[in-house]
Protein chains: 2
Amino acid sequence: MARGRSAGYDDQREAILAQAAALFAQQGYTGTSMNAVAAACGVSKPALYHYVRDKQALLVQICEAHVDRLQQLVAAVEAQALPPEAHLRELIVRFVKAYAAAQNEHRVLTEDEKFLSDAERERVREGERRVVSAFARALAAVRPDEDFAALHKPLTMLLFGMINWMFTWLKPDGPISHADMAPVVADLFFGGLQAVRVPTATAESVFPTTP
Amino acid sequence: MARGRSAGYDDQREAILAQAAALFAQQGYTGTSMNAVAAACGVSKPALYHYVRDKQALLVQICEAHVDRLQQLVAAVEAQALPPEAHLRELIVRFVKAYAAAQNEHRVLTEDEKFLSDAERERVREGERRVVSAFARALAAVRPDEDFAALHKPLTMLLFGMINWMFTWLKPDGPISHADMAPVVADLFFGGLQAVRVPTATAESVFPTTP
DNA sequence: CCTACCGATCGGTAGG
DNA sequence: CCTACCGATCGGTAGG
C-alpha cells in the first residue's frame, strides 16, 4: 500500500474547497475569514491549514478547477464534431448546465478573480480566453462571412453576458429552471444573429483602412 | 448667509463618494479600508468621518444614487412617448451610455449590494425592480401576444445580462466603444425576439392549468 | 520520523 | 481636523 496521505484526505480537501466556494460566493473573498471557513467545515483552524497552504490557495484552486472543467466541456463538445449551429447550441446548453451545477464556483470566478496574484490571475484568464475563443470559433463557423469577423468576439461576450447574468436572477426554486432558459438563450442568439449588422466604426477600427 | 456646512461641503462629499466607488469597484467593499478611502481622497480618517457616518453609509449612498439616476432615465424615456420598438431601443442606448458614464458605481451596485443591511438592500432592490419592470413593460408593448407574457421578465433579464456584462470585457481604450455596442445589442435582441418560443414547462408553471 | 490534528496565541490591522 | 488610541478580529503558526 502506498505511503502518504490518508484515504479521506482528498475527500476532506474537496469538501473544504466546496464550503469555501459557498462562503466566498455569499460574502466575497475578502469578506470571508479563515475562521468562518474552518467553522463551516467543522474543523479547527489548524486543521484547515493542514489541507490548504493559505487563504489565497483556496481561491486559486476554486478558480482553476472551475476553469479546467469548462475547458474539458469545450473539448467534449468539440469531440462530437457537430454541424456549426448544433455545435454552438450544444456549447450553450452544456455551459448553462455546468454553471447551474457549480453556481458558487462560478460566482467566485466572476467576482473574486481580481483578488488573485498577478501570476495566478493571468493563468486563470488564459483558461478563460481559451473558452471564449472556442465559443468565438463556433460562432465563426455559423457566420463565416468575412465582414462579420469583427463581431465574433463581441457577440460571444454578449452571449456569455446572458448566461453569466442568469445566475443573479434565476432562483433555483423559482418557476423557471436553468434548463428551461438554455433554449431561450440559444433561440434569441441565433435569431438575433440574422439581424445584426457590423457597425461602421467597429469595422474600421478592427480593419483599419490603409491610407 | 445660511449657517451650517461650508460651501464646498457637498462637493467634497461627492468627490469622496466617487473615490470610494472607484476603490470599491477595484477591491470590493470588504477589501477596502476606510484608511484607503481617506488616503485616496487626500483627507485624514477623522476628516472622512466628517462627511460620512460610517463605511456602510458610503455603500448605501453610492448604490441609491446610481439606482435613482437609472429611474430618472426611465422616466425621461417614458416622457418621450415613443412607439414600442423605438422606446425599448432608446432605453437600451441610454442605459449603455449611463453605465459607461458610471462604471464604478455600476460595478459596486452589481457586486457589493449584498453587503447592505437587509432594510437598505430591500430599498435598493425595490428601485432595481422598478427599472426592470419598466424594461419588461416596454418589451410587452413590442410583443403583446398573451402567450409571450411568461417571457417578458426572463428576456428582460437576458437583455440586462448582455448590457451589464459589457463592462467586464469592453475596455474604455479598446477598439470598440460602448456606443458602438448599444445598437448591436438592440439588433440582436429585436432580431432574436422573432425566433424565441415559449418553453412548454415555463408556460405551464407561470399559468398553471386549472385541474 | 511520519500524519493529523488540538488549545492557545502570535504580530498586525480592521472600523471607529 | 490632528495624534493617539480602543475592542475585536484578521490570517497564520507556535508548542505539545
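Use the structure listed above.
Just so we're clear, the structure is a prediction, and the values are computed from it rather than from any experiment.

Caption draft 1: Layout of the environment of Ser117(A). Residue and element names in this part refer to chain A. Structurally, Ser117 can be placed in the loop between α6 (103-112) and α7 (118-142). For Ser117, a relative accessible area of 31% gives the class partly exposed. Separated by 59 residues in sequence, Ser117 and Ile176 have C-alpha atoms that sit 38 Å apart.

Caption draft 2: Spatial organisation of the protein's contact with DNA strand C. In the vicinity of DNA strand C there are 16 residues, among which Ser44(A), Pro46(A), Ser33(B), Met34(B) and Tyr49(B) approach most closely. Among the atoms of DNA strand C close to the protein, meaning within 4 Å, 68% are from sugar or phosphate groups. Within the side chain of Ser44(A), one N or O atom sits 2.3 Å away from a phosphate oxygen of DNA strand C. At a separation of 2.9 Å, a phosphate oxygen of DNA strand C approaches a polar side-chain atom of Tyr49(B). Mapped onto the surface near DNA strand C, the elements with two or more residues apiece are α3 (45-51) of chain A together with α2 (34-41) and α3 (45-51) of chain B. Per-element accounting of the surface near DNA strand C gives the leading share, four residues, to α3(A). Tallied by class, residues from the surface near DNA strand C come to six nonpolar, six polar and four charged.

Caption draft 3: Here's a closer look at α2(B). Residue and element names in this part refer to chain B. Along α2, the positions that sit buried rather than exposed are Met34, Val37, Ala38 and Cys41. For α2, the angular spread of buried residues about the axis comes to 95 degrees, placing them on one side. Of the surrounding secondary structure, the elements contacted by the buried residues of α2 are α1 (9-27), α3 and α4 (55-80).

Caption draft 4: Representation of the protein's contact with DNA strand D. Around DNA strand D, the neighbouring residues are Thr32(A), Ser33(A), Met34(A), Asn35(A), Lys45(A), Pro46(A), Tyr49(A), Asp54(A), Lys55(A), Ser44(B), Pro46(B) and Ala47(B). For DNA strand D, the backbone makes up 52% of the atoms found within 4 Å of the protein, where backbone means sugar plus phosphate. With respect to DNA strand D, the side chain of Lys45(A) contributes an N or O atom lying 2.3 Å from a base oxygen. The contact in question runs from a phosphate oxygen of DNA strand D to an N or O atom on the side chain of Tyr49(A), over 3.0 Å. Elements with a contribution of two residues or more to the surface near DNA strand D: α2 (34-41) and α3 of chain A together with α3 of chain B. When residues in the surface near DNA strand D are grouped by element, the largest group, three residues, is from α3(A). In the surface near DNA strand D, the residues fall into five nonpolar, four polar and three charged.

Reading the values: rules and limits
Residues numbered from 1 in each chain as written. Chains lettered and ligands numbered in written order. Predicted model: local features only at pLDDT ≥ 70, side-chain atom pairs only at ≥ 80, totals over all residues. Heavy atoms only, no water. Helix = DSSP H or I, 4+ residues; strand = E, 2+ residues; numbered from the N terminus. Buried < 20%, exposed > 50% of the residue type's maximum accessible area, 1.4 Å probe, protein only. Near = heavy atom within 4 Å. Polar contact = N/O pair within 3.5 Å; in protein donor to acceptor, adjacent residues only side chain to side chain. Nonpolar A, V, L, I, M, F, W, Y, C, P; charged D, E, K, R; others polar. Arc of directions from axis to C-beta. Contact = heavy atoms within 4.5 Å.

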